[in-house]
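Coordinate analysis (summary)
For reference, the chains in residue letters:
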Amino acid sequence: MNTAHHDDVMREALGLAQQAAEAGDVPVGAVVLDANGNIIGRGFNTREIDHDPMSHAEVVAMRQAAEHLGSWRLDDCTLVVTLEPCTMCAGTAVQARVAAIVFGAFDDKAGAVGSLWDVVRDRRLPHRPTVVSGVLAEQCAQLLSDFFKNQR
């Protein structure tokens, strides 16, 4: 996936993140692409709506992608998310065998793809997705910043 395509797909994820904000949840959006670059899963944070601590954007998108494929294995798929995945989401991506993770803003408080931890590149694990970070990072971070500013 080239840089221009990263930007286009991240814009899709940003639109989903905006939906999360409008629903009163932390604005994080995610999409899953198949090997051909087609979107097969979409998600945004729905923890507040669903009263479910596991309803992170990444998990929602990966569940939809798995349903689309008819398999929990997301081999050759790419997870694109506006915020660096947390330990739960990074671990889920590893367990699902996602081929690549592309994210926007870094998360210094809970990021598990390089900031605080690096779950996905731990050499003790049998599967390690490739990582592309910082895609449209400013826009992704601004959406989060605006959301939390309005919460105060």
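Relevant structure appears above.
Residues numbered from 1 in each chain as written. Predicted model: local features only at pLDDT ≥ 70, side-chain atom pairs only at ≥ 80, totals over all residues. Heavy atoms only, no water.

Quick look at helix α4 (residues 87-95) now. Residues C89, A90, A93 and V94 constitute the buried set of α4. End-on, the buried residues of α4 take up no more than an arc of 140 degrees, which puts them together on one face. Close packing links the buried residues of α4 with α3 (57-69), β3 (78-83) and β4 (100-105). R97 lies just past α4 and shows a positive phi near 65 degrees. (Buried < 20%, exposed > 50% of the residue type's maximum accessible area, 1.4 Å probe, protein only. Helix = DSSP H or I, 4+ residues; strand = E, 2+ residues; numbered from the N terminus. Arc of directions from axis to C-beta. Contact = heavy atoms within 4.5 Å.)

Attention shifts here to the nonpolar core. M10, V32, L74, L79 and V98 are the most contacted members of the largest nonpolar core, which totals 44 residues. Among the elements of the structure, α1 (3-22), β1 (29-33), β2 (39-44), α3, β3, α4, β4 and α5 (137-151) are those that each provide at least two residues to this core. The element that contributes the greatest number of residues to this core is α1, accounting for seven residues. (Core = buried A, V, L, I, M, F, W, Y, C linked by side-chain atoms within 4.5 Å.)

Okay, the sheet that holds β2 next. Reading across from one edge, β2-β1-β3-β4-β5 is the order of the five strands in this open sheet, with mixed pairing throughout. In this open sheet, the two strands that pair with only one neighbour each are β2 and β5 (130-132). The average angle at which neighbouring strand axes cross in this sheet is 15 degrees, direction not considered. Together, β3 and β4 form the strand contacts of α5, whose direction differs from that of β4 by roughly 60 degrees. (Pairing = 2+ DSSP bridges. Axes fitted to C-alpha atoms, helices over the stretch in contact; angles between N-to-C directions.)

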